[in-house]
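Notes for the structure review
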Amino acid sequence: MLIHAPRPGAAARAVHWAALARAQADGWVRDIGVSNFGVAHLRALPGPTPAINQIELHPWCQQREIVQYCREHGIALQAYCPLVRADPKRLEDPVVVDIAKKHGKGATHVLLRWSLQKGYIPLPKSVTPSRIRSNTELYDFELDAEDMERLDALDEGAAGACSWNPVDTP
Ligand SMILES: NC(=O)c1ccc[n+]([C@@H]2O[C@H](COP(=O)([O-])OP(=O)(O)OC[C@H]3O[C@@H](n4cnc5c(N)ncnc54)[C@H](OP(=O)(O)O)[C@@H]3O)[C@@H](O)[C@H]2O)c1
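Here is a short report on the structure shown in this document. Because the structure is predicted, anything quoted here is derived from the model rather than measured.

The next thing to look at is the packing of aromatic side chains. Tallying each qualifying case throughout the model produces 1 aromatic pair. Taking the centre distance of 5.9 Å and the plane angle of 70° together, the rings of Trp114 and Tyr120 count as edge-to-face. The cationic tip of Arg113 hangs over the ring face of Phe141; the distance from NZ or CZ to the ring centre is 5.9 Å.

In a beta sheet, neighbouring strands are held together by backbone hydrogen bonds and run either parallel or antiparallel to one another. Taking strand neighbours across the sheet as the criterion, the 5 strands line up as 1-2-3-4-5 in an open arrangement whose pairing is parallel. Each of the sheet's edge strands pairs with one partner strand only, and the pair in question is strand 1 (2-3) and strand 5 (121-122). Summarising the sheet, strand 2 (residues 33-35) and strand 3 (residues 52-56) pair through 2 bridges and their orientation is parallel. Opposite Ser35, over in strand 3, you have Gln54 as the bridge partner.

What follows covers the pairing of strand 3. Extensive coverage of strand 3 is indicated by the burial of 5 of its 5 residues. In this region the chain leaves strand 2, passes through helix 2 (residues 39-44) and returns to the parallel neighbour strand 3; the handedness of that crossover is right-handed. One ladder, built from 5 bridges, connects strand 3 with strand 4 (residues 76-80); its direction is parallel. If you follow Asn53 over to strand 4, its bridge partner there is Leu77.

Within the secondary structure layout, His41 lies in helix 2. Accessibility expressed as a relative area gives 5% for His41, which makes it buried. Each residue touching His41, except ones within four places of it in the same chain, is listed here: Pro6, Arg13, Asn36, Pro166, Val167, Thr169 and Pro170.

Turning next to the site of the ligand. By nearness alone, 21 residues border the ligand, and Asn36, Leu83, Arg85, Ser126 and Thr128 come closest of all. Between an oxygen atom of the ligand and a main-chain N or O atom of Pro82, the distance comes to 3.5 Å. Thr128 is positioned such that a nitrogen or oxygen atom in its side chain is 2.6 Å from an oxygen atom of the ligand. Relative to its free-state accessible area of 920 Å², the ligand is covered by the protein chains to the extent of 77%.

Here is what the cut-offs are and how they apply
- Residues numbered from 1 in each chain as written.
- Predicted model: local features only at pLDDT ≥ 70, side-chain atom pairs only at ≥ 80, totals over all residues.
- Heavy atoms only, no water.
- Phe/Tyr/Trp six-rings, centres within 6.5 Å; stacked < 30°, edge-to-face > 60°.
- Lys NZ or Arg CZ within 6 Å of the ring centre and 35° of its normal.
- Pairing = 2+ DSSP bridges.
- Helix = DSSP H or I, 4+ residues; strand = E, 2+ residues; numbered from the N terminus.
- Buried < 20%, exposed > 50% of the residue type's maximum accessible area, 1.4 Å probe, protein only.
- Right-handed = clockwise from strand over helix to strand, strands pointing away.
- Contact = heavy atoms within 4.5 Å.
- Near = heavy atom within 4 Å.
- Polar contact = N/O pair within 3.5 Å; in protein donor to acceptor, adjacent residues only side chain to side chain.
- Areas by Shrake-Rupley, 256 points an atom, 1.4 Å probe, with all protein chains shown as cover.

If you want it as structure tokens, here you go:
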């Protein structure tokens, strides 16, 4: 069970987290985590350490400081909007198209494979059965170091986000 976002502020975050910690201690929920938490929010949380931080993560929005903090503290990273909401501008990015062609795969496969190889847990959403199937076809190819470097170089920071991404909320 996750807290959806750091809003509406520090006092609410502390109360929410204490309630989740109690629910976990009492056996109502197995794992507890957060979503959209930036480093300052994570640092300020009293124990226990969240199992997961679910944040927007894809090559154009790499949230490097949050990723580093989570890795250092054993917090799993769930990547939301891993397909950048299928924005044609992103799926047709020449770097992505080039890498997809090289491996005989689609642009969405490249994005999901990048996410998996980063060690993230990508959460692609689709209501289309053929796409849901396609989004699982990720284990018959591997991005090499050069592919990963080219995708890493697409980072636009917060400006690359396609959703609300409230990680900097006070
Ligand atoms: N914690 C948060 O604050 C937060 C914020 C945003 C999202 N999320 C969660 O993250 C998950 C994914 O986010 P999202 O839905 O915003 O973005 P997304 O997964 O990046 O993109 C979803 C879009 O991609 C399309 N799509 C899926 N697979 C495709 C494929 N193989 N080829 C072409 N298009 C494809 C879908 O179309 P169709 O559905 O029409 O097939 C849909 O329009 C959701 O479960 C959502 O709840 C969490």
